[in-house]
Structures are given as structure tokens and as C-alpha cells.
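Understanding the architecture of this molecule
Here is how the chains run, residue by residue.
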Amino acid sequence: MEEPLTTEGKKLRVGQHFRLSVIEPVSVGGQVVIPVGSPAVGEITEVRNKGMWGKSGHLTASLLNVSVNGRQIRLTGTFDDKGVTGTAGVVAAVAFVPVVGFFTTGTSAKIAAGSQVKGFIGEDVPLVFAAAAPSEPVTVPIAASSSVATAIQPGSAVAPAAK
């Protein structure tokens, strides 16, 4: 999470976007396809603010996409947080002074900046890996006492030395 999310202050709204970033590289066949630090976006899908009679705050969010080399790749994954309910305190208070329960609230839902959430790639992404060819031929000596060397060219066959 690049920024905190909280139901405190009643500023969080359904449909609101927030920023995340990738903390572990995503690799396919040993090749990194989504590097660390790639920016991602999530969206708030449900908000309930804390309220009277001990009601706690609650928020639910989902991941939308990650940007890699100018392309947005769809993500899936949801996460949520729920504040602590103040119901036990309300029940005890109402037994003595009924009006007190009206003013007792639960706590707000909070997800701190830096929190980790798990996401998944939500679409098929075609990948093309370039074949790596050596830029120069590799020189390998034939024998330790010989000063003659041979170069191995791409696509050439190499036969073992005979004794």
C-alpha cells in the first residue's frame, strides 16, 4: 500500500482509487516480467463508517491493474479490514444508563501505508522472450600446450578432441 486507507473522518468513498506498488518481482521461466516498484491501482468497493451503539467501521477493496512498460495488466484480489465492535461496552452501559449506548461507537477500519496485500494476474498476457546470442564468438583453447585456438560460431557443431 502506498497510502493509508481508513474509515475515520468519513472521507473514504466507494469507487475511490488508491495507489499500490509491487514489492516482489513476478517471474516466468526465470525472466522478470513485472519488476519490483511497478505501480498498481486498487479501488474501494465497500465502506461502512463506525457508528452509534458500538458499530465498527468496515472497508473492502479490490485490485484493478498494474502498469508495466506502459501497459496496464488487469489484477484480481480483494482485501478488507473491520474495526473493533464496541457492542460489549454498549450492552453493559445500557444496563445502567440507557442513553450511554447511543453515544458509544466502535473503532474505524484502518489499513496502513506499507501493508502488504496479495494479488493475482487477472488476464492472459502474451509473452515473447528474445533469444540471447553471444555478441562475439567465444575463444576456447584446444590444448594447454598449443597456442592454436578455435572460435565457436553460433550453430556450429563441436566435436570432442581425440587422444
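Let me sum up the structure you'll find in this document.

Criteria and thresholds
Residues numbered from 1 in each chain as written. Predicted model: local features only at pLDDT ≥ 70, side-chain atom pairs only at ≥ 80, totals over all residues. Heavy atoms only, no water. Helix = DSSP H or I, 4+ residues; strand = E, 2+ residues; numbered from the N terminus. Buried < 20%, exposed > 50% of the residue type's maximum accessible area, 1.4 Å probe, protein only. Areas by Shrake-Rupley, 256 points an atom, 1.4 Å probe, with all protein chains shown as cover. Contact = heavy atoms within 4.5 Å. Salt bridge = Lys/Arg side-chain N within 4 Å of Asp/Glu carboxyl O.

A few points about the overall build of the protein chain
- Each helix and strand in the protein chain was counted, giving two helices and 12 strands.
- For the protein chain, buried positions account for 24% of its 163 residues.
- Total accessible area on the protein chain stands at roughly 11200 Å², and carbon and sulfur atoms take up 58% of it.

Remarks on the side chain of Thr 60
- Along the chain, Thr 60 turns up in strand β6 (residues 58–68).
- Of the residues examined, Thr 60 reaches a relative accessible area of 15% and is grouped as buried.
- Excluding anything up to four places from it in sequence, Thr 60 contacts Glu 43, Ile 44, Thr 45, Glu 46, Phe 79 and Asp 80.

Structural notes on the pattern of salt bridges
- Evaluation of the coordinates by the stated rule reveals three salt bridges.
- Measuring nitrogen to oxygen at the nearest pair gives 3.4 Å for the salt bridge that ties Glu 8 to Lys 110. Of this pair, Glu 8 sits in the loop between β1 (5–6) and β2 (17–21) while Lys 110 sits in strand β9 (residues 110–111), and the two are 102 residues apart along the sequence.
- The shortest N-O distance in the salt bridge between Arg 71 and Glu 123 comes to 3.6 Å. One end of the pair, Arg 71, is in strand β7 (residues 71–76); the other, Glu 123, is in the loop between β10 (120–121) and β11 (138–141), with 52 residues separating them in the sequence.

Read these as geometric descriptors, not functional statements.
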